[in-house]
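# Coordinate analysis (summary)
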Amino acid sequence: MKRIIPAAVLLLFLTACCEPVEPDLSAYASAQAEVPEEDSETKYAALTFDDGPRADTTGLLLDGLAERGVQATFFLIGEQVEGNEALVGRMRAEGHQIGNHTYSHARLSRVDRDTVIEEIHKTEVVLTELLGEGSWWLRPPYGLIDEGRASLVRTPMVYWSLDPEDWKLLDAGKVTDYVVGNISPGDIILLHDFYPTSVDAALEIVDRLQMEGYTFVTVEELFRIQGVEPVSGLLYASPTRLRPLAG
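Keep in mind the model is a prediction, meaning the values are calculated, not measured.

### A short note on the environment of V126
Looking at where V126 falls in the secondary structure, it is placed in helix α5 (residues 113-131). By relative accessible area, which is 2% here, V126 ends up buried. The spatial distance from the C-alpha of V126 to the C-alpha of E82 is 8.7 Å, given a sequence separation of 44 residues.

### Focus on unusual backbone geometry
Each neighbour pair has its own omega, and for G52 with P53 the value is 0 degrees, a cis peptide bond. Looking at the element boundaries, P53 is found in the loop between β1 (43-52) and α3 (55-68). The backbone of T102 shows a phi angle near 75 degrees, a positive value even though the residue is not glycine. Among the secondary structure elements, T102 is positioned in the loop between β3 (97-100) and α5.

### Some thoughts on the sheet that holds strand β7 (residues 235-238)
Across the sheet, which stays open at both edges, the three strands sit in the order β4-β7-β8 with mixed pairing between neighbours. The sheet is open, and its two edges are formed by β4 (157-158) and β8 (241-242), each paired on a single side. Bridging between β7 and β8 involves two bridges; their strand directions are antiparallel. Across the sheet, Y236 pairs through a bridge with L242, a residue of β8.

### Observations concerning α5
Between the first and last C-alpha of α5 there are 27 Å, a value that for 19 residues agrees with the 27 Å anticipated at 1.5 Å per step. The N-terminus of α5 is capped by D112, whose side-chain oxygen sits 3.2 Å from the backbone nitrogen of D114. Positive backbone phi, approximately 90 degrees, marks G132, located one or two places after α5.

### Regarding the packing of aromatic side chains
On inspection of all chains with the given rule, the structure shows five aromatic pairs. For the ring pair F223 and Y236, a centre distance of 5.1 Å and an interplane angle of 85 degrees mean the geometry is edge-to-face. Of the two residues, F223 is situated in helix α10 (residues 219-225) and Y236 in strand β7; the sequence distance between them amounts to 13 residues. What makes F223 buried here is its relative accessible area of 1%. On the basis of relative accessibility, which here comes to 0%, the residue Y236 falls in the buried class. Grouped by ring-pair contacts, the aromatic residues W137, F223 and Y236 constitute a single cluster. Cation over ring: R54 sits above F194, and NZ or CZ is 4.9 Å from the ring centre. When the ring centre of Y142 is taken as origin, the NZ or CZ atom of R107, which lies over that ring, is 4.0 Å away.

### Overview of α3
The periodicity of an α-helix, 3.6 residues per turn, causes residues three or four positions apart to be oriented the same way. Compared with the 20 Å implied by 1.5 Å per residue over 14 residues, the 20 Å span of α3 between its first and last C-alpha is a close match. Where α3 is concerned, the buried positions are T57, T58, G59, L61, L62, G64 and L65. The secondary structure elements touched by the buried residues of α3 are β1, β2 (73-76), α4 (85-93) and α9 (196-210). Backbone geometry just after α3 places G69 at a positive phi near 65 degrees.

Definitions and cut-offs
Residues numbered from 1 in each chain as written. Predicted model: local features only at pLDDT ≥ 70, side-chain atom pairs only at ≥ 80, totals over all residues. Heavy atoms only, no water. Helix = DSSP H or I, 4+ residues; strand = E, 2+ residues; numbered from the N terminus. Buried < 20%, exposed > 50% of the residue type's maximum accessible area, 1.4 Å probe, protein only. Pairing = 2+ DSSP bridges. Expected span 1.5 Å × (residues − 1). Polar contact = N/O pair within 3.5 Å; in protein donor to acceptor, adjacent residues only side chain to side chain. Phe/Tyr/Trp six-rings, centres within 6.5 Å; stacked < 30°, edge-to-face > 60°. Lys NZ or Arg CZ within 6 Å of the ring centre and 35° of its normal. Contact = heavy atoms within 4.5 Å.

Structure below.
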């Protein structure tokens, strides 16, 4: 059954959030200047997964990550949480970061401002009711959001720096080879736990890159390691690189 947000609550939220907010870039610039040198023996990267949870594929992925001692970041679609609450609880219990991928995978650059707020807020409500209070960083569907709509977002936004287009290839070997052949320390890797081939690729990526000295961490931990304090309303391709907003 769909969750319905009381009109009074939504009106209060809209009133508080509809004033455009200019992000404070000074915090980002200051953090950028303080990024420490990468450990010469340890290379960090973040695996991120969009479009879940899905009962069969997400469960297998969590099994494989647990066997390897790896934490990842999952950007969840709110309407898919119902029926998969145990999987989401397991994500939290096993140390994964959970983020917001809107309620219905809406293309935020094309909808009106009220819909942007509703799509984000409905998923925040779902996650908070299930897991308690948290900071649910946002990944806009398709990585697209314009400056005006970005001003409504009260958390950091996460893009990616390495995209093997797993959703298009649907070939675990090709996806794995692309990531292993193109990765650099500090990358945020985009994958989708919705596809069995992507799950297979993710675990093979971990196996191969761990042998090359990589350690996989959550996006939040990657920012902390690199000494960057993320700013709400900005879209990050990596902790030290912003992604331009859609026109």
